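Descriptive structure summary
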Amino acid sequence: MTKYTPMMQQYLSIKAEAGDALLFFRLGDFYEMFFEDAIVASRELELTLTGRGGGPEERIPMCGVPYHSAESYIARLIDKGFKVAICEQVENPDEAKGIVRREIVKIVTPGTVMEGKRLQEGINNYIACLASSGEGFAFAACDLSTGELYVTATEASNLLVDELSVYSPSEVIGEEALLDEVKTALRGNAKNPLFTEWKEADPVSDAGSFFGEEDWSELGQAERRAVSILMAYLSQTQKRALAHITAIRRYETNQFMIMDPFTRRNLELVETVRERTKKGSLLWLLDQTVTSMGARMLRRWIEKPLIARGPIEERLEAVEELHNQVIVREDLRSALKEVYDLERLVGRICYGNANGRDLVALQHSLRQVPALREVCVHSGSATLNKLVGKMDDCQDIRQWIEEALVEEPPVSVRDGGLIRDGYHEYLDQLRSADRNGKQWIAELEQQERENTGIKSLKVGYNKVFGYYIEVTRSNLASIPEGRYERKQTLANAERFITPELKEKEALILEAQEKIVVIEYDLFQQLRERIAAQIERLQSLAEIVANVDVLQSLATVAAERRFCRPVLAEDGDMTIREGRHPVVEAVLEDHSFVANDTGMKMEEGRIMLITGPNMAGKSTYMRQVAIITIMAQIGSFIPAESATIPLIDRIFTRIGAADDLIGGQSTFMVEMMDIQVMTEKATERSLVIIDELGRGTSTGEGMAIAQAVIEYLHNETGCKTLVSTHFHELAHLDDSLPHLRNYCMAVKESGQQVTFLRKLIPGAASTSYGIYCAKIAGLPESIIERSYTLLSGFEARASVQQAEEEAAASAVQLSFFAAEASAAEPKTAAPQRASSRTNAAAKHDGDYSAGPPSSKAEQIAEQLKNADLINMTPLQAMNFLYELKQKC
Ligand code: ADP
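For clarity, every value in this text was computed on a predicted model and none was experimentally measured.

Before going further, it helps to spend a moment on the overall build of the protein chain. A tally of helices and strands in the protein chain yields 29 helices and 27 strands. In terms of overall size, the protein chain is more extended than a compact globule, its C-alpha atoms giving a radius of gyration of 38 Å where 887 residues would be expected to give roughly 29 Å. Overall size of the protein chain, expressed as C-alpha extent along the three principal axes, is 145 × 80 × 60 Å. Looking at the protein chain as a whole, 49% of its 887 residues are labelled buried. Long-range contacts, defined here as pairs at least 24 residues apart, represent 67% of the contacts in the protein chain between residues at least 6 apart. As presented, the protein chain carries roughly 42000 Å² of accessible surface, and 51% of it is formed by carbon and sulfur atoms.

Written as structure tokens, this is what we have:
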């Protein structure tokens, strides 16, 4: 039996190291894939699958890509959820004894890309890690491109999903059981990360030595484990020092406003629900940042609104100062325009893949820093002054680069011409040797023409023969005796060299070779010198990003007429003329209708909003949540004035059809969310329930809705906005003192219904659902039929109600009777029971329950025949009056 050839043996042993990654095996100018990898890659990349000998199999499946275009193929595989291990030749093939030594130099994974299109400018690319210990659970997330590393602990594993939704990592590693759990919870999410299980057997050494003692000692057991696994995975895939991950940013989840994934998605904080685009989200509206670092920081702020007053007030103070000073804002913006992505530049410098242009970009960026500081100092803002007060502007680093590098360096360091003249003495000497030699050669042509009298004589250069003197065949007789040495013969010319030319050529080539080596060396020294300053640069980057976000918030506030919120001490919320900023922005004709909100701890903290579909209920409720979030990230808000209490959590529960998760019915999901809400909401929370209890029968739905509202009212005491199409719930304001009824005003004239989008006190009496169906363009026959059916239903319902009321009064009567005569208690019980049955029948929406009386039938008949559509409101009133009389 044939064995594998030595090269295939080498392949197989390297493939074993690559684990679950596809192995790109460098062979000359190609990366080749073999066996199963080749089959997969050829299918995914539409490459031709070939084969080659090399082992016991007839032909080993094989496919390949040219190394110079490998990047785009790798990116495509990463996009499709694969990892790619890059295996290079690590010795010069000419010097190799036997097979060239090869090694995996790095494993590219979605969460660890350092460059290319996958790395979007304004978005962090996180890899997350989930781990547990006896004590609890931990979540860690790292953006390798910027060096940020966050970690937090959670008491329950299901809270890990909340963190995942904050960071939306492109890759998640961790313990199998935890991954399984979050996978289930994340199912139905369009953007699924790549999951890698971390097995117990995989080596993890304490990452403690990697970080400062101060950072490490702060961490709990689970957090240490999460960070250690993450760092182990990063070094396993990157195979290099990760010096730019300098600090661990530990936080507590309750330092920020808590929102579950559904709430985040539903409030469209960073992307829209439907298209999942930034456009149309709160982030889109607020993003007037100039730098990519600022854009990323703004996104982080929106994902994590603060709950501590101090830092929010600081942000608001800066936004106010900048809001009031258009010139200062403009100065900041123009200084920021020249600042590149410092975080990622610095990341690449440390990582060792920054080129000359990157360093020059750093230099340009640093050049803006003093101006930026000046503007901040003179802005009058205490916050900005504090920020730049502790700023190290790193001008020494700028100077190092300025002294060393030319203004416009070549793309590749190997092209030479990167280092400035005068920077390095020996380099200068070599350059002058090179220049002199070239000058001498340039003059040679003229000289030789004069010496020989051959006017067409040329001096040229090619890669194979170097410098030469070219003489056409017809002039060969004129060349000097002995001095010219024949080098190459062409069709109608001969090429020669002379000993002096050869000597100069050798000097030039030697100088050029040395120049490249020295330039590269100097460049690397410079890069390493800068890399050693990483922490200074990272903290500078953070300050710049911070200033950028503050100017962005101020710019938007000025453009969109936002106001500074007052942070309430007492938990009361009062918003005057509040608007939904995004809906307002996309309505073209400035037609957004502002609405007030008043929810005080002791008065009206529950708003029950009834009103037809399309009236603006959801928009209004979301507007309240968005305004709260904006206030707590330190932004101005879309209102005339507002007092906002610090909210610890926002829950939204929206009975939409598109939140099917994991095969559970919408109703079940709704109930589970409500469960979490009842468990977690506090007095300081904001709860938004849009259409509660839709997914079950009318009776049950209404019963649950009422019970939940009562619970929130009596037990939780949170601020609550509930919209419902059950206008029957409006009576709750009788029994719940903190509940207020509101509805969306509607203007009716003839058959026309106009939504005024104005929130007014009181309850709506009808839902206008059929009217909406009409606007939506349903056939007229359906609309008419619906109205007819509706009149029938309502007639029957009112008959039932009448019966019920009669029964209820009977009960009451008998109660009084019972009270009056304690000797007859039994009469009350059966009648009460019968009243209950009736009520249950109604709640179940079972309109045909119980035989209607003949009068009722008459009324129903009359209703059925009534041509409501063609009645004026007055005629309808009269008709109704008539019916009532009959009852
Ligand atoms: P509902 O929840 O009552 O069915 P929505 O809140 O979805 O109604 O609002 C329906 C539409 O009305 C929205 O898409 C929006 O364009 C418009 N709208 C809502 N509120 C306002 C408002 N305050 N001013 C102007 N238009 C609004």
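So, about the sheet that holds strand S11 (residues 194-197). Read across the open sheet, the six strands follow the order S11-S10-S7-S8-S9-S12; overall the sheet is mixed. Of all strands in the sheet, those with a lone pairing partner are S11 and strand S12 (249-250), marking the two edges. Where strand S8 (residues 137-143) meets strand S9 (residues 148-154), seven bridges bridge the pair, whose relative direction is antiparallel. Bridge pairing in S9 links Ala-140 to Val-151.

Below, the discussion takes up the environment of Leu-179. In this structure, Leu-179 sits in helix H5 (residues 176-186). Considering only alpha carbons, one finds Leu-179 and Leu-160, 19 residues apart in sequence, at a separation of 9.9 Å. Discounting chain neighbours no more than four positions away, the residues touching Leu-179 are Leu-130, Val-172, Ile-173, Gly-174, Phe-195, Thr-196 and Glu-197.

In this model, helix H7 (residues 221-238) (18 residues) spans 25 Å end to end at C-alpha, consistent with the 26 Å of a helix rising 1.5 Å per residue. With 13 of 18 residues buried, H7 lies mostly within the body of the structure. Looking one or two places after H7, you find Lys-239, whose phi comes out positive at around 55 degrees.

Turning next to the nonpolar core. The tendency in soluble globular proteins is for nonpolar side chains to be buried as a group. Judged by nonpolar contacts, the single largest core of 135 residues is most densely connected at Leu-286, Leu-362, Ile-530 and Leu-721. Beyond its immediate chain neighbours, meaning those up to four positions away, Leu-286 contacts Leu-298, Ile-302, Ser-552, Leu-553, Val-556, Phe-562, Met-630, Ile-633 and Ser-635. One finds Val-151, Ala-207, Tyr-233 and Leu-242 within the second-largest nonpolar core, a separate group that totals 29 residues.

Turning our attention to the domain arrangement of the protein chain. Segmentation of the protein chain into domains returns domain 1 (6-108), domain 2 (119-255), domain 3 (287-394 + 536-560), domain 4 (425-531), domain 5 (561-767) and domain 6 (781-802 + 833-886). Its C-alpha centre places domain 1 at a distance of 44 Å from the equivalent point of domain 3.

This part covers the packing of helix H14 (residues 356-377) against helix H19 (residues 534-559). At a minimum axis separation of 11 Å, H14 and H19 run at an interaxial angle of 55 degrees. In this view, H14 runs oblique relative to H19, as classed from their interaxial angle. In this structure, H14 meets H19 at a crossing whose hand is left-handed. For the pair formed by H14 and H19, the contact residues are Leu-362, Leu-366, Val-369, Leu-372 and Cys-376 on the first element and Leu-537, Leu-540, Val-544 and Val-547 on the second. Taken together, the residues that form the contact of H14 with H19 break down as nine nonpolar, no polar and no charged.

As a further point, take the site of the ligand. Looking at the ligand, there are 13 residues lining it, with Val-593, Met-614, Ser-618, Thr-619 and Arg-757 nearest. Ser-618 is positioned with one of its side-chain polar atoms (N or O) 2.4 Å from an oxygen atom of the ligand. A total of 560 Å² of accessible area belongs to the ligand in isolation, and the protein chains cover 78% of it. When residues in the shell around the ligand are grouped by element, the largest group, three residues, is from helix H21 (residues 617-633). Looking at side-chain class alone, the shell around the ligand contains six nonpolar, five polar and two charged residues.

What follows concerns the packing of helix H17 (residues 425-452) against helix H18 (residues 499-531). Their axes nearest at 8 Å, the elements H17 and H18 cross at an angle of 150 degrees. In this structure, the crossing between H17 and H18 has a hand that is left-handed. Taking contact as the criterion, the partners of Tyr-426, Leu-427, Leu-430, Arg-431, Ala-433, Asp-434, Gly-437, Lys-438, Trp-440, Ile-441 and Leu-444 in H17 are, on H18, Glu-500, Leu-501, Lys-504, Ile-508, Ala-511, Gln-512, Lys-514, Ile-515, Ile-518, Glu-519 and Leu-522. Taken together, the residues of the contact of H17 with H18 sort by class into 13 nonpolar, two polar and seven charged.

Turning to the sheet that holds strand S25 (residues 719-724), a few remarks are in order. If you trace the seven strands from one edge of the open sheet to the other, you get S13-S23-S24-S25-S21-S26-S27, paired in mixed fashion. Of all strands in the sheet, those bounded by a partner on one side alone are strand S13 (258-259) and strand S27 (752-761). Examined bridge by bridge, strand S21 (residues 606-610) and S25 share five bridges and lie parallel to one another. Within S25, the residue paired with Leu-608 across the bridge is Val-722. Packed onto the sheet, helix H23 (residues 698-716) meets S21, strand S24 (686-690), S25 and strand S26 (739-749) and runs at close to 155 degrees relative to S21.

Looking now at the confidence of the model for the protein chain. In the predicted model, the protein chain carries a mean pLDDT of 86, and 91% of its residues have values of at least 70. Residue range residues 811-852 is modelled with pLDDT below 50. Its contacts to residues more than four positions away, or to other chains, number 31 contacts.

Before going further, it helps to spend a moment on the pairing of strand S2 (residues 30-34). When you tally the buried positions in S2, you get four out of five residues, the bulk of the element. Note that strand S1 (residues 22-27) and S2 share three bridges and pair antiparallel. By the bridge assignment, Phe-25 is partnered in S2 with Glu-32. A loop of two residues connects S1 with S2, the two strands running antiparallel in sequence, and Gly-28 in this loop sits at a positive phi of about 60 degrees. When S2 meets strand S4 (residues 60-66), the two strands line up antiparallel, connected through five bridges. From the neighbouring strand, Met-33 faces S4, where its bridge partner is Cys-63.

So, how was this worked out
- Counting restarts for each chain, with residues numbered from 1 along the sequence as it is written.
- Local features are withheld for residues below a pLDDT of 70 in this predicted model, meaning they are given only at 70 or higher, and side-chain atom pairs are given and counted only at 80 or more; totals for whole chains, interfaces and linings count all residues.
- The basis for every side-chain value is the complete set of heavy atoms in the structure, and neither hydrogens nor water enter the calculation.
- Secondary structure elements are taken from DSSP: a helix is a run of H or I of four residues or more, a strand is a run of E of two residues or more, and numbering for both begins at the N terminus.
- Taken over C-alpha atoms, the radius of gyration is set against a globule rule of 2.2 Å times the number of residues to the power 0.38.
- Burial classes follow relative accessibility: with a 1.4 Å probe on protein chains only, a residue under 20% of its type's maximum area counts as buried, one over 50% as exposed, and anything between as partly exposed.
- Between two residues, a contact is recorded if the distance between any of their heavy atoms is within 4.5 Å.
- Values of accessible area rely on a 1.4 Å probe in the Shrake-Rupley scheme; residue burial ignores everything except the protein chains shown.
- In this scheme, strands are said to pair when DSSP sees at least two bridges between them.
- A helix is expected to span 1.5 Å for every residue after the first.
- Buried Ala, Val, Leu, Ile, Met, Phe, Trp, Tyr and Cys residues form a nonpolar core when they are joined through side-chain atoms within 4.5 Å.
- For every domain, the bounds stem from an assignment made automatically or drawn from a database.
- Simply put, an axis is a line fit to the C-alpha atoms, just over the touching stretch for a helix, and the angle between two N-to-C directions goes from 0 to 180 degrees.
- Between 65 and 115 degrees an angle is taken as roughly perpendicular, under 35 as roughly parallel, over 145 as roughly antiparallel, and anywhere else as oblique.
- Crossing handedness: left-handed means the near helix sits turned counterclockwise from the far one by under a right angle, and right-handed means the same turn made clockwise.
- Polarity classes work like this: nonpolar for Ala, Val, Leu, Ile, Met, Phe, Trp, Tyr, Cys and Pro, charged for Asp, Glu, Lys and Arg, and polar for all others, with Gly in that last group.
- Here a residue is considered near a molecule or strand provided that any single heavy atom belonging to it is located within 4 Å of it.
- Side-chain atoms alone can form a polar contact between residues adjacent in sequence; in general such a contact is a pair of N or O atoms within 3.5 Å, and within protein one must be able to donate a hydrogen while the other accepts it.
- Scored from 0 to 100, pLDDT reflects the predictor's confidence in each residue.

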